[in-house]
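Summary of structural features
In case you want the letters, here they are:
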Amino acid sequence: MNQVIVITGASSGFGALTARALADAGHTVYAGMRETTGRNAPQVADVKRYAAENKVDLRAVELDVASDDSVEAGITRIIDDCGRLDVVIHNAGHMSFGPAEAFTPEQYAQLFDINVLSTQRVNRAVLPQLRKQGRGLVVWISSSSARGGTPPYLAPYFAAKAAMDSLAVSYASELTRWGIESSIIVPGAFTKGTNHFAHSGSPADRARAEEYHQGPYAGLAEQSMKGLSALEPADADVAEVAKAIVSVVDMPFGTRPFRSHIDPSQDGCEVVNGVADRVRTELFRRIGLQDLLTPHIRT
């Protein structure tokens, strides 16, 4: 069944791949991105070209997840266009790489704004519509770094992704009685196929960072990245993440998995999440809130 979908951070990477895959599957997809008339104008042109060449319903929409006004305007446009909104996919995010100490507090705040607070902006814009409909799906693109093996020099990103994952878990139980499902997608550390690592931020305090690079941690950055790349199988394909998201979206209401892992490197996150999610389920049963574990059809 055709669904109206918005995905944030869809100018490149997982977002762009997923937007195209969902459109190919027959859905109406809004690829959210910022600066659609500026820096991302070429990406908007690519969206239009792909839609025309493949005869799919793929549209770009101005959606700067760091701006309340932009998010409100973008979501309003989608609802005005289609009269409804069925699925929101929280994909926007940014990575950083470097010694934790060398990042300023302002950098941490900015990274949390993009990776965590952005989801709250979007939720506050879309959830009134989904609750009004009595049906909807919220998909969160988490990361194996939230609970898996966590190599050094990725602290701000790891902390932000862990916070977003925690927010996703909390939101899930607060939406089921509204008829809204939640599904958390957990990609592993794909070092190839996206610009995630290539475009990662660096510490503002370069002098502090150099103390690490020239001191006892000399060479660690290179060793860490080499080790991560070596863990990744040669046939690891970032397109598998997009396929997993399409699969979840296309499942019947009430059957979607709470969490799906796509981690070719097997960093341990699936094991830890499995335990944590079982503990959550058991606690809800013990306190008499087991109905919050599954979405309810509202009429």
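Residues numbered from 1 in each chain as written. Predicted model: local features only at pLDDT ≥ 70, side-chain atom pairs only at ≥ 80, totals over all residues. Heavy atoms only, no water.

What to know about the layout of surface pockets
For the second largest pocket, the calculated volume is near 270 Å³. Forming the walls of the second largest pocket are 16 residues, and the residues nearest its centre are Met1, Gln3, Arg135, Phe253 and Arg256. Among the elements of the structure, strand S5 (136-141) and helix H8 (239-250) are those that each provide at least two residues to the lining of the second largest pocket. Its residues assigned to classes, the lining of the second largest pocket comprises 6 nonpolar, 5 polar and 5 charged. (1 Å grid on protein atoms, 1.4 Å probe; cavity = no way out; pocket = protein on both sides within 12 Å on 5 of 7 lines; lining within 4 Å. Points joined across faces, edges and corners; volume = space filled by probe spheres on them. Helix = DSSP H or I, 4+ residues; strand = E, 2+ residues; numbered from the N terminus. Nonpolar A, V, L, I, M, F, W, Y, C, P; charged D, E, K, R; others polar.)

Some details on unusual backbone geometry
In this model, Lys55 sits at a positive phi of 55°, which is unusual for a non-glycine residue. Among the structural elements, Lys55 can be located in the loop between helix H2 (41-54) and strand S3 (58-62). Judged by its relative accessible area of 75%, Lys55 is exposed. Of note in the backbone geometry, Tyr153 takes a positive phi value of approximately 75° without being a glycine. Mapped onto the fold, Tyr153 is located in the loop between S5 and helix H5 (155-175). Exposure remark for Tyr153: the relative accessible area of 7% places this residue in the buried category. (Buried < 20%, exposed > 50% of the residue type's maximum accessible area, 1.4 Å probe, protein only.)

Observations regarding the pattern of salt bridges
Per the stated rule, a full pass over the model turns up 13 salt bridges. Two residues, Asp68 and Arg121, come together in a salt bridge whose shortest N-O distance is 2.9 Å. With Asp68 in helix H3 (residues 68-82) and Arg121 in helix H4 (residues 105-133), this residue pair connects regions lying 53 residues apart in the sequence. Accessibility expressed as a relative area gives 48% for Asp68, which makes it partly exposed. For Glu181, the salt bridge identified is with Arg256, shortest N-O distance 2.5 Å. Taken together, the residues Glu181 in strand S6 (residues 180-187) and Arg256 in the loop between H8 and strand S7 (259-262) connect sequence positions 75 residues apart. Summarising the burial analysis for this pair, Glu181 and Arg256 share the class buried. Residues joined in a network through salt bridges with shared partners are Asp68, Asp113 and Arg121. (Salt bridge = Lys/Arg side-chain N within 4 Å of Asp/Glu carboxyl O.)

With respect to the sheet that holds strand S4 (residues 87-90)
Ordered by their spatial adjacency, 7 strands build an open sheet running S3-S2-S1-S4-S5-S6-S7, and the pairing between neighbours is parallel. Both edges of this open sheet fall to S3 and S7, since each of them pairs with a single strand only. Pairwise comparison of adjacent strand axes, ignoring direction, gives a mean angle of 20° for this sheet. Of the pairings in the sheet, the one linking S6 to S7 comprises 4 bridges and is parallel in character. (Pairing = 2+ DSSP bridges. Axes fitted to C-alpha atoms, helices over the stretch in contact; angles between N-to-C directions.)

So, the nonpolar core
If you look at the biggest cluster of nonpolar residues, it comprises 32 residues, and the most contacted ones within it are Leu58, Ile89 and Ile185. Broken down by secondary-structure element, the contributors of at least two residues to this core are strand S1 (4-7), helix H1 (13-24), strand S2 (28-33), H2, S3, S4, S5 and H8. Among the elements that take part in this core, H8 stands out by supplying 6 residues, more than any other. Aside from chain neighbours lying at most four places away, what touches Ile89 is Ile5, Val6, Ile7, Thr8, Thr18, Leu22, Val139, Ile141 and Ile245. Val126, Val138, Ile180 and Val186 belong to the second-largest nonpolar core, a separate cluster that totals 31 residues. (Core = buried A, V, L, I, M, F, W, Y, C linked by side-chain atoms within 4.5 Å. Contact = heavy atoms within 4.5 Å.)

Examining the packing of H4 against H5
Following both chains from N to C, one finds H4 and H5 inclined at 20°, their axes separated by 8 Å at the closest point. Regarding the angle of H4 to H5, the classification is roughly parallel. Here H4 and H5 pass one another in a crossing that is right-handed. Between H4, through Tyr108, Leu111, Phe112, Asn115, Val116, Thr119, Gln120, Asn123 and Leu127, and H5, the contact on the second element is made entirely by Ala155, Pro156, Tyr157, Ala159, Ala160, Lys161, Ala163, Met164, Leu167, Tyr171 and Leu175. When the residues that make up the contact of H4 with H5 are grouped by side-chain class, the tally is 15 nonpolar, 4 polar and 1 charged. (Parallel < 35°, antiparallel > 145°, perpendicular 65-115°, else oblique. Left-handed = near helix turned anticlockwise from the far one by under 90°.)

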